[in-house]
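Listed here are the chains, written in short residue letters.
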Amino acid sequence: MVRETVLTPSDFVYPLFLHEGSKDQPIESMPGCTRWSLDGLVAEAGAAHALGIPAVVLFPAIVDAQKTPGGEESHNPDGLVPRAVRALKSSHPSLVVITDVALDPYNSDGHDGLVQRGDDGSLTILNDETVEVLCRQAVSHAEAGADVVAPSDMMDGRVAAIRSALDQASFQETSILSYTAKYASAYYGPFRGALGSAPKDGDKKTYQMDPGNAREAIRELLLDEEEGADMVMVKPAGPYLDVISALREATTLPVAAYQVSGEYLMIKSAAAAGWLDEEAVVCESLTGIKRAGADVILSYFAKDVAQRL
């Protein structure tokens, strides 16, 4: 009767992996998760939606032959993600379909942006050139029917550029969920295993945030608000509850939080070893994320939790 924080299925966005194959594949680095075929994706998304989960977000595993330094496959109108979006919207019209906007699945270098290599072997991420490609990617997703595009790349100025590109292409209704405070976290390892998207060399610390910084997240928030973001996100969630709370206090926009693959795998592994009660710990961790101020939670546990709720 007096509980302050209550989880409901409508709190969740369900992240789904997909690939070109005709068979669904279990993901070794994320037990319990699957790399879906298009048919499997439509069925899984429909099952989640029937449980009250309003939205899914798509992450493609792109074959190596389609990866290039320029990430051209990212804006192929007949690519894997646009075909998946069309299939989902055709089968489940009321499902909110969110797409990831970033180049790491398509970039042969494995980075979220285009890479320039110096004569000494050093790497520079080309911010403005990357943003141009991200705009084409976002528009191709909107053309396929995506309701929300979610730039996860952390390039400077990309929210304003994507908003302008969508508006110019007559997609004023397509929303932007910005990865506002995406940290250069060690918790992403299992996800990169699921997509084969780890950087070939170097790291992402020049464009993702320093885990020691909280005030910087507010600066990023203010920029994203000014540039036209419709929702803002903190990633990862569990280790950054203070950042979720700070953003919640600083904005009237909806705040999302991503319980990432490392958080998922830690719970799964400890439960498999018999040291934790998986159901209890999952619900406690998600309640903590919502209590910190998240309006929306991206979690691989979403469907399981919705079934229990």
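Q: Could you give me a rundown of the pairing of strand 6 (residues 114-117), with the residues and numbers involved?
A: Every regular strand shows the same layout, with side chains that alternate between the two sheet faces. Where strand 6 and strand 7 (residues 123-126) come together, 4 bridges link them in antiparallel fashion. Paired with L114 across the bridge in strand 7 is L126. Counting the residues that bridge the hairpin from strand 6 to strand 7 gives 5 residues, and of these G121 lies at a positive phi of roughly 90°.

Q: Account for a negative patch on the surface, naming residues and giving values.
A: On the surface, a cluster of negative charge is contributed by D128, E129, E132 and D156. Here E132 lies in helix 3 (residues 127-144).

Q: I'd like a description of unusual backbone geometry, backed by residues and values.
A: Of the consecutive residues K235 and P236, the connecting peptide bond is found in the cis state with omega at -5°. Mapping P236 onto the fold places it in the loop between strand 10 (231-235) and helix 7 (241-250). The phi dihedral of M154 is positive, around 70°, even though this residue is not glycine. As for its placement among the helices and strands, M154 is situated in the loop between strand 8 (148-151) and helix 4 (158-168).

Q: Explain helix 1 (residues 38-50) to me, and be specific about the residues and the numbers.
A: If you check helix 1, its first and last C-alpha atoms are 18 Å apart, about what 13 residues at 1.5 Å a residue would give, namely 18 Å. Residues of helix 1 that are buried: G40, L41, V42, E44, A45, G46 and A48. Turning to helix 1, the residues buried within the fold contact strand 1 (12-18), strand 3 (34-36), strand 4 (55-60), helix 2 (80-91) and helix 10 (302-308). One or two residues past the end of helix 1 sits G52, with phi positive at roughly 105°.

Here is what the cut-offs are and how they apply
For every chain, the first residue of the written sequence is number 1, and numbering continues from 1 onward in sequence order. Local features in this predicted model are restricted to residues of pLDDT 70 or higher, and side-chain atom pairs are both shown and tallied only at a pLDDT of 80 or more, whereas totals for entire chains, interfaces and linings draw on every residue. Heavy atoms throughout the structure, all of them, feed into the side-chain values; hydrogens and water do not. We call two strands paired when DSSP finds no fewer than two bridges between them. Segments assigned H or I by DSSP are reported as helices when at least four residues long, segments assigned E as strands when at least two residues long, and all are numbered from the N terminus. Each patch is built from residues lacking any salt bridge and having more than 30% relative accessible area; the joining distance is 9 Å for like charges and 5 Å for nonpolar side chains (Val, Leu, Ile, Met, Phe, Trp, Tyr). Per-residue accessibility takes into account occlusion by the displayed protein chains alone, with areas from the Shrake-Rupley method and a 1.4 Å probe. For salt bridges, the criterion is a side-chain nitrogen of Lys or Arg within 4 Å of an Asp or Glu carboxyl oxygen. Within this scheme the basic residues Lys and Arg register as positive and the acidic residues Asp and Glu register as negative, but His and the chain ends are omitted. To locate a charge, take NZ of a lysine, CZ of an arginine, CG of an aspartate or CD of a glutamate. The span one expects for a helix is its residue count, reduced by one, times 1.5 Å. Residue exposure (1.4 Å probe, protein chains only): buried if accessible area is under 20% of the type maximum, exposed if over 50%, otherwise partly exposed. By definition, residues are in contact when any of their heavy atoms lie within 4.5 Å.

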